[in-house]
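# Survey of secondary and tertiary structure
Letter by letter, the chains look like this.
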Amino acid sequence: MPVIAVFGAGPGLGRSVARKFGQMGYQVVLVARTQGKLDALAAELSRYGIRAYPVAADLSKPEQMGDLAERIREVAGDPEVIYYAPTSPEMTFVPATELTGERVEATTSILLTSLVELVQQFLPSMMENGRGAILTAQGATALTGVPKMSGPGPAMAAQRNYLQALGKELEPKNVFVGRMYISSLIENSAIHQTLEKSGKKLPDMALVNPDELAEKLWRMQEKRHPHEVSVPALSKLYFPLTATAPVQKIMARFAK
């Protein structure tokens, strides 16, 4: 059976991706920080007849990715598909004027450096077998800088640059690189759950169903097209528009 490694196996999109690929015949390796939560998710997937392996790891530690890769190989072998979308407490929005080198280093470690290390571990097997996929799902601030919404954006943009080049190099090898950029709040995600429990007003943005996003990711890697999608579809246009001075003035007027 083919294997997918889900890096960032949380309660929202990670869970949906694991279930979708598992239902399509994949074994699933679940990777996140907390062993107890991974065990619970693996037990849930087993009720669908999906074979899942929980592997706890801190993806903010790039130097530990070699050891993590060996642990994954021990339980399931080399994955044919990598889904990479971890989060961390450092991945919060701040104004660009308040962005520090320490925060940039922290977000770059988890969003780019660890991904690069894992790709180096598992890419040789994909290339040798002549098939495979590397999938990511990140926020839409990767596409353009938005005032007051810096923080993870620079690292996500660097990740996108890396994946664009990687995808073009791997096309002749039949290894697909797919990227999804989301400007909505993912239903049942850790962020969504935290906001609901806090009693705070939810952000003024649409909720998106994680099962629908997982279906899009599945279709992307099955069809080998497109290499990049934005959710909602017009967010690739919307986010750059919000960064312009006239729109910022309008938005500030309505915020008063």
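No experiment lies behind these values; they were computed from the predicted model shown. (Residues numbered from 1 in each chain as written. Predicted model: local features only at pLDDT ≥ 70, side-chain atom pairs only at ≥ 80, totals over all residues. Heavy atoms only, no water.)

### Quick look at the side chain of serine 16
- Counting through the fold element by element, serine 16 comes out in helix α1 (residues 13-23).
- Not counting the four nearest positions on each side in its chain, serine 16 is found in contact with Pro210, Asp211 and Ala214. (Helix = DSSP H or I, 4+ residues; strand = E, 2+ residues; numbered from the N terminus. Contact = heavy atoms within 4.5 Å.)

### Thoughts on the sheet that holds strand β9 (residues 228-231)
- Sheet architecture is open: 7 strands sit in the order β3-β2-β1-β4-β5-β6-β9, paired in parallel fashion. Each edge of the open sheet carries a strand with a single partner, namely β3 (52-56) and β9. When strand polarity is set aside, the average angle formed by the axes of neighbouring strands in this sheet is 15°.
- Of the pairings in the sheet, the one linking strand β1 (residues 3-7) to strand β2 (residues 27-32) comprises 5 bridges and is parallel in character. Residue pairing for β2: phenylalanine 7 is matched across the bridge by valine 31.
- With respect to the sheet, helix α5 (residues 153-170) is in contact with β4 (81-84), β5 (132-139), β6 (175-182) and β9, its orientation differing from that of β6 by roughly 150°.
- Contacts between helix α7 (residues 210-223) and the sheet are confined to β4, β5, β6 and β9, with β6 contributing the most and set at about 155° to the helix. (Pairing = 2+ DSSP bridges. Axes fitted to C-alpha atoms, helices over the stretch in contact; angles between N-to-C directions.)

### Quick notes on the packing of helix α4 (residues 101-129) against α5
- Running from amino to carboxyl end, α4 crosses α5 at an angle of 15°, the nearest separation of the two axes being 9 Å. Relative to α5, the element α4 lies roughly parallel. Every pair of crossing elements has a handedness; the one defined by α4 and α5 is right-handed. Counted together, Thr107, Thr108, Leu111, Leu112, Leu115, Val116, Val119, Leu123 and Met127 of α4 and Ala155, Met156, Ala158, Gln159, Tyr162, Leu163, Leu166 and Leu170 of α5 form the full contact between these two elements.
- When grouped by side-chain class, the residues that make up the contact of α4 with α5 number 14 nonpolar, 3 polar and no charged. (Parallel < 35°, antiparallel > 145°, perpendicular 65-115°, else oblique. Left-handed = near helix turned anticlockwise from the far one by under 90°. Nonpolar A, V, L, I, M, F, W, Y, C, P; charged D, E, K, R; others polar.)

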